[in-house]
Amino acid sequence: MSGRRANGDSSVYFSDSDGKWHGWVTVGVKANGAPDRRHRMGSDEAVVRAKVRQLERERDAGKTKKAGRPPTVQQWLTTWMDTACARKVADGTMSPRTLDDYRSKCRLYLFPGIGKHRVDKLGAEHLDALYLSMIKQGLASGTVLKTHRIIARALKVAMQREIVTRNVATLVEPPQAAEEEIEPFTQEEARALLAEAAERRNGARWSVALALGLRQGEALGLRWKYVDLDNGVAKIWWQLQRLTWQHGCEDAHACGAAHHRKACRKNCTAHKDYKRGCPKPCPKDCTDHAKACPERTGGGLVFREPKGKNKRLAPIPPPLVPLLKAHRAEQLRERLAAGQLWEEHDLVFGQPNGKPIDPRMDWEEFKDILTAAGLRDARVHDNRHTAGTLLIEAGVSPRVVMEILGHSSMRMMTRYTHVASVLANDAAKRMGDALWG
């Protein structure tokens, strides 16, 4: 007499009700804790037993798919960003700005391009077609590369969690991003900029930008407690960032549609008769209305620590020290004038009431300085490139420049290779003097 079959063992039997052979294999556990049993059937016993053995081999090799219908690419990307990425933001291993960039590129390119494919049915050819479409739209190669990296990271996590059996993004050759072309100011242009800025409130802010090569957020987030004017060094340990608001309500779509309808009663182009209010679903992406959500979270101006090697010490050039001392004295006079309206944030560069300077206001001030100084249009970030360029031209080692600017690798220094022509010409002259001089 044979022993009783143990729980979880596979079974094969004939059913008189349908005249078929049936096989059952336990391959794991479902999300709710119940056994995940898979069914195979056929009219021939040998065929069904072969199917059962094949399923057992897949189970033992860890190659069986999880129970349930796999999500679409859009569903998985949304889940991945709202859970895994959000957790990394919460524990400080991912910048909120990085997650904002993920959400933006998903909304603009990945969702409309490949979002409706089931994640396990996504093929390399779908990614190739997406990237080709983006290039034909005239998008920068760097944008295409960032989009590729987002889907590749999301699929890597999906594979780790056994949602897919392979990461198809690894089968696609990553798009090559063109090297960023920088346009630093010349020494004469930089001095003209500083001369104009010196006549303005917070003029030392632009001296710091050019002398220390700080990013905009690093300059606006600089605090006096981290500036040692006696020893001429600044600790670049904080940065000011404007983060995107997120819905805090349970139904972002309903919230967004409600705010859109309210605005449309004033001026609606979604339909002819705006008095009827806006149609459902909301014709705009409801995430656009998160800043109007009464329970919004996570947005606005915040102070954050920079990641990795961006947290650094920056030497202050001696001529900049008296400028910062004079700036601090003027700031103390503003504080006394503001009285109870003053908000203490210990900021080196703030508004007349002590509040942080909005990056947009800072950008507008810079544009106004360029116009008044008769200089070409430029980005705020070009001040940082100018600092790196002037240091290289002065003969400072690229390794030292990397540490001062807080670059993560020497690869980032390749953007300053245009300066090599100055040094190379000098080297050529010396070689000529040695051979023919």
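What counts, and where the lines are drawn
- Residue positions within a chain follow its written sequence, with the count starting from 1.
- This being a predicted model, a pLDDT of at least 70 is required before a residue's local features are given, and a value of 80 or more before pairs of side-chain atoms are given or counted; all residues contribute to the totals for chains, interfaces and linings.
- Side-chain calculation: all heavy atoms of the structure are included, whereas hydrogens and water are not.
- Should DSSP find at least two bridges between two strands, the strands are taken to pair.
- Labels follow the DSSP assignment, with helices taken as runs of H or I lasting at least four residues and strands as runs of E lasting at least two, numbered in each case from the N terminus.
- Axes here mean lines fitted to C-alpha atoms, for a helix over just the part in contact, with angles spanning 0 to 180 degrees between N-to-C directions.
- Residues count as neighbours in contact if any of their non-hydrogen atoms are within 4.5 Å of one another.
- Burial classes follow relative accessibility: with a 1.4 Å probe on protein chains only, a residue under 20% of its type's maximum area counts as buried, one over 50% as exposed, and anything between as partly exposed.
- Points on a 1 Å grid, built from protein atoms alone, make a cavity when a 1.4 Å probe fits but cannot get out and make a pocket when they are open with protein on both sides within 12 Å along at least 5 of 7 lines; residues with an atom within 4 Å of a point are the lining residues.
- Grid points are joined across faces, edges and corners, and a volume is the space filled by probe spheres set on the points.
- Each residue is assigned to one of three groups, with Ala, Val, Leu, Ile, Met, Phe, Trp, Tyr, Cys and Pro labelled nonpolar, Asp, Glu, Lys and Arg labelled charged, and all others, Gly among them, labelled polar.
- Each aromatic pair joins two rings of Phe, Tyr and Trp (for Trp, the six-membered one) with centres within 6.5 Å, and gets the label stacked for planes under 30 degrees apart, edge-to-face for over 60, and tilted for any other angle.
- Geometrically, a charge over a ring is one whose NZ (Lys) or CZ (Arg) sits within 6 Å of the ring centre while staying within 35 degrees of the ring normal.
- Definition of a polar contact: a pair of N or O atoms within 3.5 Å, with one able to donate and the other able to accept a hydrogen when the atoms are protein atoms, and with sequence-neighbouring residues admitted only if both atoms are side-chain atoms.
- Here, expected helix span is obtained from the residue count minus one, scaled by 1.5 Å.
- In this description, the arc belongs to the directions extending from the helix axis to the C-beta atoms.
- Buried Ala, Val, Leu, Ile, Met, Phe, Trp, Tyr and Cys residues form a nonpolar core when they are joined through side-chain atoms within 4.5 Å.

Undergrad: When you look at the sheet that holds strand E3 (residues 35-42) in this model, what are you seeing that I'm missing?
TA: With respect to topology, 3 strands assemble into an open sheet ordered E1-E2-E3, the strand pairing being antiparallel. Two strands bound the open sheet, and with one partner strand each, they are strand E1 (11-15) and E3. On average, each strand axis in the sheet is tilted by 25 degrees relative to the strand beside it, whichever way the strands run. Two strands pair when backbone bridges link them, and strand E2 (residues 20-29) and E3 are joined in this way by 8 bridges, in the antiparallel orientation. Counterpart to Gly23 in the pairing with E3 is Arg40. Each of E1, E2 and E3 touches helix H1 (residues 45-60); the most contacted strand, E2, lies at about 5 degrees to it.

Undergrad: Teacher, can you tell me more about the side chain of Asp382 here?
TA: Residue position: Asp382 is located in helix H12 (residues 382-393). On the basis of relative accessible area, Asp382 is assigned to the buried category, the value being 5%.

Undergrad: Which parts of the structure should I look at to understand empty space enclosed by the protein?
TA: One water molecule sets the probe size; rolling that probe over the atoms shows where empty space is left. Counted by the stated rule, this structure contains 1 cavity of 30 Å³ or more. In terms of lining, the largest cavity is formed by Arg205, Ala209, Leu214, Arg215, Gln216, Val380, His381, Asn383 and Arg384. For the lining of the largest cavity, the secondary structure elements donating two or more residues are helix H7 (204-212) and H12. Per-class residue counts for the lining of the largest cavity are 3 nonpolar, 3 polar and 3 charged.

Undergrad: What am I meant to see in the packing of aromatic side chains here?
TA: Two aromatic rings are characterised by how far apart their centres lie and by the angle between their planes. Tallied over the full model, the rule gives 4 aromatic pairs. Seen in terms of ring centroids, Trp80 and Tyr102 are 5.4 Å apart; in terms of plane orientation they differ by 20 degrees. Their pairing is stacked. Pair noted here: Trp80 is in helix H2 (residues 73-90) and Tyr102 is in helix H3 (residues 96-114), with a separation of 22 residues, a long-range link. Overall, Trp80 belongs to the buried group, its relative accessible area being 4%. With a relative accessible area of 5%, Tyr102 lands in the buried category. Ring geometry for Tyr226 versus Trp237: centroids 5.6 Å apart, planes at 50 degrees, classification tilted. Remark: Trp237 occurs in the loop between strand E5 (233-236) and strand E6 (239-243) and Tyr226 occurs in the loop between helix H8 (216-220) and strand E4 (227-228); sequence separation between them is 11 residues. With relative accessibility at 14%, the residue Tyr226 sits in the buried group. The exposure class assigned to Trp237 is partly exposed, which follows from its relative accessible area of 29%. A cation over a ring is seen here: Arg205 above Trp206, with NZ or CZ 3.9 Å from the ring centre. In this structure, Arg223 is placed above the aromatic ring of Phe303, and the distance from its NZ or CZ to the ring centre is 4.3 Å.

Undergrad: Just checking my understanding: could you explain the side chain of Asn167 for this structure?
TA: Summarising the element assignment, Asn167 is placed in the loop between helix H5 (141-160) and helix H6 (187-197). Residue Asn167 is classed as buried on the basis of its relative accessible area, which comes to 8%. Polar contacts involving the side chain of Asn167 include one to the main-chain carbonyl oxygen of Ala152, which spans 3.0 Å. A distance of 3.0 Å separates a polar side-chain atom of Asn167 from the backbone nitrogen of Ala169. Apart from the residues lying within four places of it in its own chain, the contact partners of Asn167 are Ala152, Leu155, Lys156 and Met159.

Undergrad: Can you walk me through the environment of Ala154 in this structure?
TA: If you trace the backbone, Ala154 turns up in helix H5. For the pair Ala154 and Asn167, spaced 13 residues apart in sequence, the C-alpha to C-alpha distance is 9.0 Å. Not counting residues within four places of it along the chain, the set of residues in contact with Ala154 comprises Trp76, Leu77 and Trp80.

Undergrad: What am I meant to see in the pairing of E1 here?
TA: Put simply, side chains in a regular strand alternate between the two faces of the sheet. Where E1 lies against E2, 5 bridges are found, and the strand directions are antiparallel. If you follow Phe14 over to E2, its bridge partner there is Trp21. Taking the residues between adjacent antiparallel strands as the criterion, E1 and E2 are bridged by 4 residues, where Gly19 takes a positive phi near 70 degrees.

Undergrad: It is not clear to me how H1 should be interpreted in this structure. Could you clarify?
TA: Working note: α-helix, 3.6 residues per turn, so residues spaced by three or four point in the same direction. Helix length check: H1, at 16 residues, gives a terminal C-alpha distance of 22 Å against a target of 22 Å (1.5 Å per residue), a fit within 8%. Burial in H1 covers these residues: Val48, Val52 and Leu55. Relative to the axis of H1, the buried residues are bounded by an arc of 65 degrees and lie together on one face. Residues of H1 that are exposed and angled more than 90 degrees away from the buried face: Ala46 and Asp60. Where H1 starts, the residue carrying a side-chain oxygen 2.9 Å from the main-chain nitrogen of Ala46 turns out to be Asp44.

Undergrad: Hey, could you run me through the nonpolar core in this one?
TA: Nonpolar side chains in soluble globular proteins tend to be buried together. With 35 residues, the main nonpolar core has Leu77, Trp80, Leu127 and Ile151 as its most contacted residues. Those elements that place two or more of their residues in this core are H2, H3, helix H4 (124-136) and H5. Ala234, Ile316, Leu324 and Ile357 belong to the second largest nonpolar core, which has 21 residues in total.

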